[in-house]
Amino acid sequence: MNFKPLHDRIAVEPLEQEEKTSGGIIIPDTAKEKPVQGKVVAVGGGIRQEDGKIVPLELKVGDIVLYGKWSGTEVKIGGRALMIMKESDVMGIIVK
């Protein structure tokens, strides 16, 4: 990927949600909600503190994360749909 977020920002590739409910009902595209899970594909260098030290981000490339429904900015880079957001917009990492 030719994109590196700055500072405390991350690039997340949204993961598509299931197209069927547990009862077998198919969800049409118009009724689907915005994804709130994604895979981190790039991370920034970290946050610069007042004393000049850089604190690295906790997230790393490959983490599967949960983020707010209206978090971040949607962009297309190299044909891929990505969400650019601050690390603080992420609610947590999904551990498998």
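Use the structure listed above.
Below, the structure is looked at part by part. By convention here, each chain's residues receive numbers from 1 onward along its written sequence. Reporting in this predicted model follows two pLDDT cut-offs: at least 70 for local features of residues, and 80 or more for side-chain atom pairs to be given and counted; totals over whole chains, interfaces and linings ignore these cut-offs and use all residues. In computing side-chain properties, one takes all heavy atoms of the structure into account and sets aside hydrogens as well as water.

With that out of the way, let us pick up the overall build of the protein chain. Secondary structure elements are taken from DSSP: a helix is a run of H or I of four residues or more, a strand is a run of E of two residues or more, and numbering for both begins at the N terminus. Check the secondary structure of the protein chain and you find zero helices and eight strands. Each helix and strand of the protein chain, placed in order from N terminus to C terminus, yields the pattern β-β-β-β-β-β-β-β. Residue exposure (1.4 Å probe, protein chains only): buried if accessible area is under 20% of the type maximum, exposed if over 50%, otherwise partly exposed. In the protein chain, buried positions account for 26% of the 96 residues. Pairs of residues are marked as contacts when any of their non-hydrogen atoms sit within 4.5 Å. Across the protein chain, contacts joining residues at least 24 apart in sequence account for 64% of those joining residues at least 6 apart.

This part takes up the sheet that holds strand β6 (residues 73–77). Read from one edge of the open sheet, six strands run β6-β7-β1-β2-β5-β8, paired in antiparallel fashion. The strands lining the two open edges of the sheet, one partner per strand, are β6 and β8 (90–93). Within the sheet, the average angular offset between the axes of one strand and its neighbour, ignoring direction, is 45°. Examined bridge by bridge, strand β2 (residues 37–43) and strand β5 (residues 64–67) share three bridges and lie antiparallel to one another. Among the inter-strand pairings, G38 is bridged to a residue of β5, identified as V65. Strands are treated as partners if at least two bridges between them are detected by DSSP. Lines fitted to C-alpha atoms define the axes, with helix axes restricted to the stretch in contact, and inter-axis angles between N-to-C directions lie between 0 and 180 degrees.

Turning our attention to the pairing of strand β1 (residues 9–14). Strand direction decides the pairing type here: β1 and strand β7 (residues 80–86), joined by four bridges, are antiparallel. Within the sheet, the bridge partner assigned to A11 lies in β7 and is I84. Bridge count for β1 against β2 is five bridges, and the pairing is antiparallel. Looking at the pairing, A11 lines up with A42 of β2.

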